[in-house]
Amino acid sequence: MIQFIEVTKRFGSQLLLEDVNFAIHAKEKVGIIGRNGYGKSTIVKMILGQEEPNTGEIKIPNHYTIGTLEQHLNFTKDTLRDEAILGLKDEEKSDIWKAEKMLFGLGFEKKDLMKNPHEFSGGYQIRINLAKVLLSDPDLLILDEPTNYLDITSIRWLENFLKNWKRELMVVSHDKTFLDRVCSHTMMIHRKSIKKMRGGVDKIRNQIKEEEIIHEQTRKNFEKKRAKTEKFIREFRAGARSAGLVQSRIKMLDKQKVPPKLSRIEDIQFKFTPLNFNGDAFAKIHNLTFGFNLEHILLKDLCFEIQPGDKIAIIGANGKGKSTLLNLLLEKLSPLSGSIKKHPTLQINYFSQLHKDSLELTKNIFETLAESNTKVSEQDTRKICSNLLFKRGDVYKKIEVLSGGEKSRVNLGKILLTPAHLLLLDEPTNHLDLESVEALSPAIQNFEGAAIFITHDENLLKTAANKLIVFDNDNAFFFNGNYEQFLQEKGWSEEEPVKEIASEAPKDESPTAQLTFAQQKELKKLLRPLEKSIVQLEKQMTNQEDDLHTCLENLKTAERQGSQTKIETFSIQREQLRADIEKTFENLYEQTEKLEQTKSEFLEEHLPK
């Protein structure tokens, strides 16, 4: 139940969002997409009150609670379980099983419950914050890139959890598969504006693409008509007979304004360069066994080969040995037993998910890329910069001021400049936007060498991987097939509601389930007219918002044409539509509150004390 009314946001001279209008209705689950730097996180910050719009209004009902995933870490309890319990509402503090169930779903184990939160890695500490916000059960849940800190099994658990979320949800994510599975609506930030519609990512992107084709066709038709009118004026300006016609054409020309040409939006380009190879295999791994101690073995008797054309995805829960396997292949670690036999000419390029390990913060983008391969010319280095969307002066930005997504692009740029036989990529999609992730997949597929990559992005898994190394059930094994085949033939051993049974969880958490059949029937009868009214009001508001959008577009066209009559007409219509939307919004909020109150009073009266 949130409404943005003609919101404009600037940062200095940079215009980020202009005259944005949208609303989040009751029980909608909205995915937010857009390129890095387009304003996704800014939208979230404005809703949370951390940023203010320059103009426009953001309406949030009184007593409307908002929960969001905090990225800063501030733990006050001595155990994981007690820290998670902080997320529960006051009346639920004794329901310890709820906290345990949430933690188990997010990848924690029973033995972790008594550990101090500070003992966990950064990714797991973020999961503690995620557990707390999910347990708080807010009216609106906002998640900004939640999959960056989760492994694939936890992501699949979170998907199922959010599918059953009964209130409003906003998710910012580059993970198309995750958004399409979870969200009822998609909202796209594009050309400083926002479009929201029911359906998935592809639907809204195709819609915007079609609208821009129509815009360009309209613009070209305007230009043709204008050129024709200008030709008429030039040819007949001198003739006395046609003076009146010429003057009317000139006046018409002055009033007409051709729709602006849409600027070209550059797409990121990835192309990995292979080295020639003469041999049957890049490497042969036989009975590989490793553990940091004998009591905790991560790999046991793992066997596989790496051949030209192999695209091997390493998948599984965090902390089970995925990055460790890459470090073994890089010879940063030594196995307890078994062997890794590499071809003597093998050249490897490695992408680390830890930017601080591979980038010097005091150097700029161009220096960093140029020094990664001194054999490459300055011109080719600048071309790679341009392909990665670092234009002109951007190449002189210091690494220390770059965002996570920009640092990922620089790290990938270093690999693009250096030919190799084998790519080792550790979570390459983290911090990239949707467009960059989609460009990375064909680049991996088309690479003539081999690639081994760790990822939690199911779309990348399905499109790029032809073989797998799976960490599951405290074991690692090679699977000679793609991800779809793995899910059909084997699947995840722990993909159940929770990995362990939390203590004393009731079979059904819903208070409504504790009513008798007759009472449930009576409650449904009471709520039915209110629910029907809410659906009608939501539909009415959607139609009004569409009308407002059309009105604003007509107003902009009238302003370009300089038609004062139309400007006045559409301005009056705009104010009336705003008033109508305001009234509908208030009615919708009142009906929703009334429904919740009616349900609460009925349960209080009929539930056993």
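Here is what the cut-offs are and how they apply
- Residues numbered from 1 in each chain as written.
- Predicted model: local features only at pLDDT ≥ 70, side-chain atom pairs only at ≥ 80, totals over all residues.
- Heavy atoms only, no water.
- Pairing = 2+ DSSP bridges.
- Helix = DSSP H or I, 4+ residues; strand = E, 2+ residues; numbered from the N terminus.
- Axes fitted to C-alpha atoms, helices over the stretch in contact; angles between N-to-C directions.
- Domains from an automatic or database assignment.
- Contact = heavy atoms within 4.5 Å.
- Buried area = accessible area lost by both parts, 1.4 Å probe.
- Salt bridge = Lys/Arg side-chain N within 4 Å of Asp/Glu carboxyl O.
- Polar contact = N/O pair within 3.5 Å; in protein donor to acceptor, adjacent residues only side chain to side chain.
- Nonpolar A, V, L, I, M, F, W, Y, C, P; charged D, E, K, R; others polar.
- Parallel < 35°, antiparallel > 145°, perpendicular 65-115°, else oblique.
- Left-handed = near helix turned anticlockwise from the far one by under 90°.
- Phe/Tyr/Trp six-rings, centres within 6.5 Å; stacked < 30°, edge-to-face > 60°.
- Buried < 20%, exposed > 50% of the residue type's maximum accessible area, 1.4 Å probe, protein only.
- Lys NZ or Arg CZ within 6 Å of the ring centre and 35° of its normal.

1. Let's talk about the sheet that holds strand β6 (residues 140-144)
Phase 1: Taken together, the six strands give an open sheet; going across it, the order is β5-β6-β7-β3-β8-β9, and neighbouring strands pair in mixed fashion. The open sheet is flanked by β5 (66-68) and β9 (193-198), the only strands paired with a single partner. Direction aside, neighbouring strands of the sheet carry axes that sit 20° apart on average.
Phase 2: Bridge count for strand β3 (residues 29-33) against strand β8 (residues 185-190) is four bridges, and the pairing is parallel. Each bridged residue has a counterpart across the sheet, and for I32 the counterpart in β8 is M187.

2. Section: the domain arrangement of the protein chain
Phase 1: Under the domain assignment, the protein chain is made up of domain 1 (2-203), domain 2 (204-265), domain 3 (283-490) and domain 4 (514-608).
Phase 2: Between domain 1 and domain 4, the C-alpha centre-to-centre distance is 24 Å.
Phase 3: Taken together, the contacts link eleven residues of domain 1 with 13 residues of domain 4.
Phase 4: Across the domain 1 to domain 4 interface the summed buried area is about 1200 Å²; carbon plus sulfur atoms make up 50%.
Phase 5: Its largest share of buried area at the contact with domain 4, domain 1 owes to Q3, E6 and H25, together 40% of the area lost on that side.
Phase 6: Applying the counting criterion to the domain 1 and domain 4 interface returns one salt bridge.
Phase 7: Two residues, E6 and R578, come together in a salt bridge whose shortest N-O distance is 1.5 Å.
Phase 8: There are one residue pair in polar contact (both at pLDDT 80 or more) connecting domain 1 and domain 4.
Phase 9: Residues belonging to the side of domain 1 that touches domain 4 are distributed by class as follows: five nonpolar, four polar and two charged.

3. Quick notes on the environment of L15
Phase 1: If you trace the backbone, L15 turns up in strand β2 (residues 14-24).
Phase 2: Leave out the neighbours within four places in its chain, and L15 touches T8, K9, R10 and K192.

4. Observations concerning the packing of helix α11 (residues 365-372) against helix α12 (residues 378-387)
Phase 1: Following both chains from N to C, one finds α11 and α12 inclined at 125°, their axes separated by 10 Å at the closest point. Classified by the angle between their axes, α11 and α12 sit oblique to one another. Crossing handedness for the pair α11 and α12: right-handed. Between α11 and α12, the residues in contact are I365, F366, L369 and A370 and E378, T381, R382 and C385, respectively.

5. Here's the deal with the packing of aromatic side chains
Phase 1: All told, the structure shown has eleven aromatic pairs when counted by the stated rule.
Phase 2: With a centroid separation of 6.2 Å and 25° between ring planes, the pair formed by Y483 and F486 is classed as stacked. Of this pair, Y483 and F486 both sit in helix α16 (residues 483-489), three residues apart, which is roughly one turn of that helix. The two residues Y483 and F486 agree in class, both being buried.
Phase 3: Within the aromatic cluster, the residues linked to one another by ring pairs are F108, F120 and Y124.
Phase 4: Above the ring of F11, the side-chain terminus of K9 is found at 4.9 Å from the ring centroid.
Phase 5: Its guanidinium or amino end placed over the ring of F477, K490 lies 5.5 Å from that ring's centre, counting from NZ or CZ.

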